[in-house]
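A look at the structure
If you want the building blocks of each chain, they are given just below.
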Amino acid sequence: MAKMSLGTMILKMSEGLGTTCGIFFLTLLFSLPLGLVVTLLRRSRLGVVRGITKVYISIMRGTPLMLQLMVVYYGPFYLSKWISKTFDVTFRLRWSGDVLVPIIIGFVLNYAAYFAEIYRSGIESIPAGQYEAAQVLGYSRPQTFLRIVLPQVVKRVLPSVTNEVITLVKDTSLAFTLGCMEMFTLGKSIANSQSKFTPFVIAGVFYYVFNALVAFVMARLERRLNYYR
Amino acid sequence: MRILEINHCRKRFGENQVLNDISLSVEEGQVVSIIGPSGSGKSTLLRCATLLETMDGGELKYLDRAAVREENGRAVYAPPAELKKIRQCFGLVFQNFNLFPHYSVLRNITEAPILVQKRKKEEVYAQAKELLKKMGLSGREDAYPYQLSGGQQQRVSIARALAMQPKMLFFDEPTSALDPELTGEILKVIRDLAAEKMTMVIVTHEMSFARDVSDQVVFMDGGVIVEQGAPEIISNPTQERTIRFLKNFAR
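Report follows, based on the coordinates. Values in this document were obtained by computation on a predicted structure and should not be read as measured data. Sequence order as written defines the numbering, with residues in each chain counted from 1. Labels follow written order: the first chain is A, the first ligand is 1, and so on. Owing to the predicted nature of the model, reporting of local features is limited to residues with pLDDT of at least 70; listing and counting of side-chain atom pairs is limited to 80 or more, with chain, interface and lining totals taken over all residues. Note: side-chain values were computed over all heavy atoms of the structure, leaving out hydrogens and water.

**Notes on the interface of chain B and chain A**
Which entries qualify depends on this criterion: The criterion used for residue contact is that any of the two residues' heavy atoms lie within 4.5 Å. Two parts placed together each lose some accessible area; with a 1.4 Å probe, that loss summed over both constitutes the buried area. Counted as salt bridges are all cases of a side-chain nitrogen of Lys or Arg within 4 Å of a carboxyl oxygen of Asp or Glu. Side-chain atoms alone can form a polar contact between residues adjacent in sequence; in general such a contact is a pair of N or O atoms within 3.5 Å, and within protein one must be able to donate a hydrogen while the other accepts it. A run of H or I in DSSP counts as a helix once it spans at least four residues, and a run of E counts as a strand once it spans at least two, with each numbered from the N terminus. Residue polarity follows a fixed list, in which Ala, Val, Leu, Ile, Met, Phe, Trp, Tyr, Cys and Pro are nonpolar, Asp, Glu, Lys and Arg are charged, and the others, Gly among them, are polar.
The interface is formed by 24 residues belonging to chain B together with 19 residues belonging to chain A. Across the chain B/chain A interface, buried area totals approximately 2100 Å², and carbon plus sulfur atoms make up 61% of it. Of all residues in chain B, Phe100(B), His102(B) and Tyr146(B) bury the most surface against chain A, accounting for 29% of the area lost on that side. Applying the counting criterion to the chain B and chain A interface returns two salt bridges. In this structure, Glu132(A) and Arg47(B) form a salt bridge, with 2.8 Å as the shortest nitrogen-oxygen distance. Where chain B meets chain A, there are eight residue pairs in polar contact (both at pLDDT 80 or more). Those elements that provide at least two residues to the side of chain B that touches chain A are helix 2 (80–87), strand 7 (90–93) and helix 3 (105–115) of chain B. When residues in the side of chain B that touches chain A are grouped by element, the largest group, four residues, is from helix 3 of chain B. For the side of chain B that touches chain A, the class distribution of residues is 15 nonpolar, three polar and six charged.

Right, dumping it as structure tokens:
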């Protein structure tokens, strides 16, 4: 294979940046709100719902994301194979089309669990007096949650969410497990074919700059919520 | 007209009987002070009356509407829709103010009347301005709670309660979180309200204030009303327990 210049390497790897950003933004888009749903289920009045949600969260936090991605991707195939064998039917499930779909599903399921726990700590940190004041003033339960509790939770959890978002930037590299052509996957293949370490350095710089941007944006958001204490 | 009526209220936390057969009624324009040592059940009584705590037995009525009635020795609460209406009868001022920190002073006062009572914005804003003026807080509409002193925050929370146009107000140790100087400003506001014949029930440790402002004083200890009557009982208590308690304030 022809020798690549530094510029060519950077250019080649940049082609995967779109995918990397896609995984990043789509994961946030779905997991931030899904996390809220999960945390509400986690606080449900029904014990069964609470129990199931707890198990889901503990699995998502207790096993590697890489493994979870593989389960989402290969799971349907092996499951359908087992069902076919056991019940003597023939059908096969497998992901067709863009590998990005199972990747996003895996990331969203994982990150929603983490966000749910962050939201929960935020919700539990709101003093009981806030609920009581709202109740005496006649706010309904949904009104109390949406108008009084949630805005204060957002402010309290922002630093923890920032942490998680920064982790997500780095976790996008796990998409290589399913052969997704994101930036790090491209970097690795270039490193292999060129027998060079440079692509890893380039990848490191990409992640670092990406996260510097994330930190900047989140710091601005935090400042915007500083109008009250 | 009788605004509040509590009959045979009972409440226990586990083994601890916090309220034992408490009865209390408040007529329109009356100021009732509840005094007594910590843990005597004063605050729990207030929390039961404001529906923040559920009572185990007894009756609770506002303007002859039953919020709680007794059936076979157990408290039965009215349906949620009825309780919602009954909540409109009273306001509550907390020891720790419990203002909404993310709302400006104006929004703290105006949101519930607009959102819950569905009143017209213009009318509510005009009323809020009036209330702030009365509380000596004109011009602080856009401030946030953290920018105000404790005394100012408590005055905002009184304004917030008044904006709902309640038939009566409860105060749960309204000055306990304040230093003596700020305590004075809050007591003055409550005195002014008393002069306007606002119906109030006040849990307090301010004995001389309670004596001056009240029509009726209730002394509680160990979940029961030990002594009850005209404010003079603070100067001339008859029960041994009341005498012992008030001695500590005579220092």
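Next, the rest of the story.
**A look at the sheet that holds strand 2 (residues 16–27) of chain B**
Residue and element names in this part refer to chain B. Counted only if it meets this: Strand pairing follows a simple DSSP-based rule, namely that at least 2 bridges must link the two strands. With axes taken as lines fitted to C-alpha atoms, and helix axes fitted only over the stretch in contact, angles between N-to-C directions fall between 0 and 180 degrees.
In spatial order, the strands read 2-1-4-5-6; together these five strands make up an open sheet with antiparallel pairing. The sheet terminates laterally at strand 2 and strand 6 (74–77), the two strands that pair on one side only. Neighbour-to-neighbour, the strand axes of the sheet open up by a mean angle of 20°, direction not taken into account. Lying on the sheet, helix 1 (residues 42–49) is in contact with strand 1 (2–13), strand 2 and strand 4 (57–62); it crosses strand 2 at an angle near 60°. Helix-sheet contacts for helix 2 involve strand 4, strand 5 (65–71) and strand 6, and the interaxial angle to strand 5 is about 130°.

**Observations concerning the nonpolar core**
Stated formally: What makes a nonpolar core is a set of buried Ala, Val, Leu, Ile, Met, Phe, Trp, Tyr and Cys residues whose side-chain atoms join them at distances within 4.5 Å. Exposed residues in this analysis have more than 50% of their type's maximum accessible area, buried residues have under 20%, and partly exposed residues fall in between, with area computed by a 1.4 Å probe over protein chains only.
Core analysis: the largest hydrophobic core is formed by 47 residues, its most contacted members being Tyr139(A), Leu60(B), Tyr62(B) and Phe170(B). Aside from chain neighbours lying at most four places away, what touches Leu60(B) is Leu4(B), Glu5(B), Ile6(B), Cys48(B), Ala49(B), Leu51(B), Met55(B), Arg65(B), Ala66(B), Ala67(B) and Val68(B). Counting residues in each nonpolar core, the second largest holds 42 residues, with Met9(A), Phe107(A), Ile126(A) and Ala175(A) among its members.

**Details of the pattern of salt bridges**
Residues and elements named next belong to chain A. What the rule picks out here adds up to 19 salt bridges over all chains. Taking the shortest distance from any N to any O, the salt bridge between Arg-120 and Glu-117 comes out at 2.9 Å. Note that Arg-120 and Glu-117 are positioned in helix 5 (residues 100–124) at a spacing of three residues, about one turn of the helix. Each of the two residues, Arg-120 as well as Glu-117, counts as buried.

**Concerning the packing of helix 1 (residues 6–14) of chain A against helix 9 (residues 198–224) of chain A**
For any two helices packed against each other, one specifies the crossing angle of their axes together with the interaxial distance. All names here are of chain A. Using the following cut-off: Oblique is the label for any angle not under 35 degrees, not over 145, and not in the 65 to 115 range, which are roughly parallel, roughly antiparallel and roughly perpendicular in turn. Crossing handedness follows the turn of the near helix against the far one: under a right angle anticlockwise gives a left-handed crossing, and clockwise gives a right-handed one.
Following both chains from N to C, one finds helix 1 and helix 9 inclined at 55°, their axes separated by 10 Å at the closest point. Accordingly, the angle class assigned to the pair helix 1 and helix 9 is oblique. Crossing of helix 1 against helix 9: the hand is right-handed. Across from Leu-6, Met-9, Ile-10, Met-13 and Ser-14 in helix 1, the residues of helix 9 making contact are Thr-198, Pro-199, Ile-202, Ala-203 and Phe-206. Counted by class, the contact of helix 1 with helix 9 contains eight nonpolar, two polar and no charged residues.

**Things to note about the packing of helix 5 (residues 150–163) of chain B against helix 6 (residues 180–195) of chain B**
Residues and elements named next belong to chain B. Direction vectors running N to C along helix 5 and helix 6 enclose 25°, while the axes themselves pass 8 Å from each other. Compared by their axis directions, helix 5 and helix 6 come out roughly parallel. Two packed elements cross with a definite hand, and for helix 5 against helix 6 that hand is right-handed. Contacts from Gly-150, Gly-151, Gln-152, Gln-154, Arg-155, Ile-158 and Leu-162 of helix 5 reach helix 6 at Leu-182, Glu-185, Ile-186, Val-189 and Leu-193. Here the contact of helix 5 with helix 6 is composed, by residue class, of six nonpolar, four polar and two charged.

**Some details on the sheet that holds strand 8 (residues 168–172) of chain B**
Residues and elements named next belong to chain B. With mixed pairing, the six strands of this open sheet are ordered in space as 7-8-9-3-10-11. What marks the edges here is a single partner per strand, and that holds for strand 7 and strand 11 (224–229). Along the sheet, successive strands turn relative to each other by an average axial angle of 15°, direction set aside. By the bridge criterion, four bridges tie strand 7 to strand 8 in an arrangement that is parallel. Considered in strand 8, the bridge of Leu-92 is made with Phe-170. Its contacts with the sheet place helix 5 against strand 7 and strand 8, and it is angled at close to 170° to strand 7.

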